[in-house]
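If you want the building blocks of each chain, they are given just below.
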Amino acid sequence: MFDRVKNIVPYHQHQALGASIGNFLEFYNFIIYAFFAPMIGEVFFSAHNPMVSLICALLTFSAGYIARPLGSIYFGFYVEKHGSAATLSLTFILMGISSLFLVLTPGVNTIGYVAPILVVVARVVQGFSEGGDVGPSTDLLFSQIGKRYRSAYIIMQPATQYIASFCGVFVGLILSLILSKESLYSWGWRIPFAMGILIVPVGFWIRSSIPQEIPLKKVKKSQKRKVGSFFAINMFVYVASGSVLTYIRTFGVSYAVNVLGLPTTVAMAAMSIGLLLGIMGMLISMKIHAKIPAKKILLSLNLIQVLSLYPAYYYATHLSGIISQIVLNTVLFLPAGLMATTVWSLILESLPKENRSLVYGITYTLAVCLFGGVTQPIVAWLIAHTGSVMIPAYVGTGASIIGSLSLLHLNFKYSNAKNSVML
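The following paragraphs examine the structure supplied in this document.

What counts, and where the lines are drawn
Residues numbered from 1 in each chain as written. Predicted model: local features only at pLDDT ≥ 70, side-chain atom pairs only at ≥ 80, totals over all residues. Heavy atoms only, no water. Core = buried A, V, L, I, M, F, W, Y, C linked by side-chain atoms within 4.5 Å. Buried < 20%, exposed > 50% of the residue type's maximum accessible area, 1.4 Å probe, protein only. Helix = DSSP H or I, 4+ residues; strand = E, 2+ residues; numbered from the N terminus. Contact = heavy atoms within 4.5 Å. Polar contact = N/O pair within 3.5 Å; in protein donor to acceptor, adjacent residues only side chain to side chain. Expected span 1.5 Å × (residues − 1). Bend = angle between axes of the 7 residues up to and from the residue. Phe/Tyr/Trp six-rings, centres within 6.5 Å; stacked < 30°, edge-to-face > 60°. Lys NZ or Arg CZ within 6 Å of the ring centre and 35° of its normal.

### A closer look at the nonpolar core
- Counting 101 residues, the largest nonpolar core has Tyr 33, Phe 36, Phe 44, Trp 189, Phe 193, Tyr 313 and Val 343 as its most contacted members.
- For this core, the element with the most residues is helix α4 (residues 50-104), which contributes 11 residues.
- Setting aside chain neighbours within four positions, we find Phe 36 in contact with Gly 168, Gly 172, Trp 189, Pro 192 and Met 268.

### Some thoughts on the side chain of Gln 376
- The topology assignment puts Gln 376 in helix α17 (residues 356-386).
- Residue Gln 376 is classed as buried on the basis of its relative accessible area, which comes to 1%.
- In terms of polar contacts, Gln 376 uses its side chain to reach the side chain of Thr 250, at 2.8 Å.
- Setting aside chain neighbours within four positions, we find Gln 376 in contact with Ala 34, Leu 58, Phe 61, Tyr 247, Thr 250 and Phe 251.

### Overview of helix α13 (residues 264-291)
- Between its first and last C-alpha atoms α13 spans 41 Å; for 28 residues at 1.5 Å apiece the expected length is 40 Å, and the two agree.
- Largest kink in α13: about 30°, centred on Ile 284.

### A look at the environment of Phe 44
- Of note, Phe 44 is situated in helix α3 (residues 37-44).
- On a C-alpha basis, the gap between Phe 44 and Tyr 113 in space is 8.3 Å, while along the polypeptide they are 69 residues apart.
- Setting aside its immediate chain neighbours within four residues, Phe 44 contacts Thr 105, Pro 106, Gly 107, Val 108, Ala 115, Pro 116, Val 119, Trp 189 and Arg 190.

### Some remarks on the packing of aromatic side chains
- For the structure on display, the rule yields 19 aromatic pairs.
- By way of ring pairs, the aromatic residues Tyr 33, Phe 61, Tyr 65 and Tyr 247 are connected into one cluster.
- Here Arg 123 stacks its cationic end above the ring of Tyr 33, 4.8 Å away from the centre of that ring.
- The positively charged end of Lys 181 is found above the aromatic ring belonging to Tyr 185, 5.5 Å away from the centroid.

Here it is, written out as structure tokens:
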């Protein structure tokens, strides 16, 4: 049956389907930990102070990021020998096994300190898997496609991450509505992880059936390849600052519940709305990318993002409630969605085709490991240490400024380099 589908569906669409669905499931299983960190902290890192439990849970969340560069390096070479289909199927198996650990591991009150150790091991395996997945899956979407489909396929990588995040938060919202707080905190949080495991076989089936790649032609060393290698450094700066802002966004549920004292339902509902607006923004970004110069898009939307973060957090902390949370999540997610196509087109086009998977995978995961992975525990610790609930606003605004300058510099350099190559 699937062979008939492969004959009907064009190669590039089949390839994109396998990469996108797999990327969605990988990221879903990896990121939902962040949304249920308050519950996980209470089950595995029980302490008298809820902020201490949360910080311990977020440090465990960060453990996954330590393994991501290792996964990107290992699977970056693995994909060159065995191809994307085999590589992405293997990363998927690892993600399923590690998620199963999180579902089945009893709490600290049942098996003692073995429980948090098992959770750390599970997060490390998840990080290794996700790190190995991001390079090949992104390259699979970007390579071997015509200009007609390029914008749509470029946006699939960040869009599937937003969609995965939305699904995780939305499941949390439903659970918070139908379960008591005691049930949600004791066992209900395991349900989203179990759902991720149940759909692993579907994703594995789709990924294992990805057509073998068309071998890349040998490319002579040229000025453009050197430019691509040079831009890896610029990409690192942007991803580092962008990942800090990303994990400020995903810190939203923990921030609303543990810091502002809002109900879980309010936190989940507001973030669900913010993520939906971000996804809509990505769809719109494909159109504005085709009609408006990249420089204007980056200047205007980054300026809006920088100037609106502090007022949004001020409003959320001084008039905490569902309305202010919706405003905050809108500010956090919508501008990023609107410039997604322009940002990722700029980054991926600047990297050399013949080793884009390896360069992108290592650069991306290393930046996320060093900066994004530690953002949430550091922000939580700073809030607890200083007593200031505006810490995310300060950190997010600083990261946004650095990321904006990096993108504008990257656009300027790439435009000049592209013109010089054409000449």
